[in-house]
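Here are the chains, one letter per residue:
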Amino acid sequence: MHALLVTADVEPGREEEGLEYLRTMLPQLEQIPGLLSGYWLATTKDGESLAIVLFENEGSAQDMAQIGLPNAPQPPGATFRGAEVREVVAHI
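Residues numbered from 1 in each chain as written. Predicted model: local features only at pLDDT ≥ 70, side-chain atom pairs only at ≥ 80, totals over all residues. Heavy atoms only, no water.

Peer 1: I would appreciate a short explanation of the pattern of salt bridges in the present structure.
Peer 2: Charged atoms that come close allow side chains of opposite charge to pair. This model, assessed by the stated rule, comprises 6 salt bridges. Salt-bridge contacts for Arg81 lead to Asp9; the nearest nitrogen and oxygen are separated by 2.6 Å. In this pair, Arg81 is assigned in strand 4 (residues 78-87) and Asp9 in strand 1 (residues 2-10), connecting sequence segments 72 residues apart. Note on Arg81: relative accessible area 44%, which makes it partly exposed. Accessibility expressed as a relative area gives 34% for Asp9, which makes it partly exposed. Here Glu11 and Arg14 are joined by a salt bridge, their closest N and O atoms 3.4 Å apart. Judged by relative accessible area, Glu11 falls into the partly exposed class, the value being 41%. Here the salt bridges do not stand alone but share partners, grouping Asp9, Glu48 and Arg81 into one network. (Salt bridge = Lys/Arg side-chain N within 4 Å of Asp/Glu carboxyl O. Helix = DSSP H or I, 4+ residues; strand = E, 2+ residues; numbered from the N terminus. Buried < 20%, exposed > 50% of the residue type's maximum accessible area, 1.4 Å probe, protein only.)

Dropping the structure here:
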């Protein structure tokens, strides 16, 4: 299993708008090959947004990091900062 750590910057005051966009996209995201689950964390006071998306294998996570995310439409008020793939070595 591999995790995709995604960071973005969210403009102050546009957090709810971005969350609504995410909610409308969830059914489409569930169709991504190899996707197991995803967790979107609350935006910090300085506007940092973090998501942790779990994939069955490294290839699926890398495809999303290198192709899917850079070519995806940006949520309103958000700017994609980066994505990093890491192997999950333990979980409960």
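Peer 1: So what exactly am I meant to see when it comes to the sheet that holds strand 2 (residues 35-40) here?
Peer 2: Each strand in a sheet pairs with another by means of backbone hydrogen bonds, the pair being arranged parallel or else antiparallel. Strands sit in the order 2-3-1-4 across an open sheet of 4 strands; the sheet is antiparallel. One side of each edge strand has no neighbouring strand; the edge strands of this open sheet are strand 2 and strand 4. Within this sheet the neighbouring strands show an average axis-to-axis angle of 20°, counted without direction. Note: strand 1 against strand 3 (residues 48-55), 8 bridges, orientation antiparallel. Note that in strand 3 the partner of His2 across the bridge is Phe55. (Pairing = 2+ DSSP bridges. Axes fitted to C-alpha atoms, helices over the stretch in contact; angles between N-to-C directions.)

Peer 1: Got a minute to help me understand the environment of Ala8 in this structure?
Peer 2: Summarising the element assignment, Ala8 is placed in strand 1. Note: C-alpha distance between Ala8 and Leu41 (33 residues apart in sequence) is 11 Å. Leaving out residues up to four positions away in the same chain, Ala8 has contacts with Gly47, Glu48, Ser49, Thr79, Phe80 and Arg81. (Contact = heavy atoms within 4.5 Å.)

Peer 1: Would you mind showing me how to read the environment of Gln74 here?
Peer 2: Structurally, the position occupied by Gln74 is in the loop between helix 2 (58-71) and strand 4. Given the relative accessible area of 40%, Gln74 is considered partly exposed. Sequence separation of Gln74 and His91 is 17 residues, and the distance between their C-alpha atoms is 30 Å. Look past the residues within four positions of Gln74 in its chain and what remains in contact with it is Tyr21, Leu69, Thr79 and Phe80. A polar contact is formed between the side chain of Gln74 and the backbone nitrogen of Phe80, at a distance of 2.9 Å. (Polar contact = N/O pair within 3.5 Å; in protein donor to acceptor, adjacent residues only side chain to side chain.)

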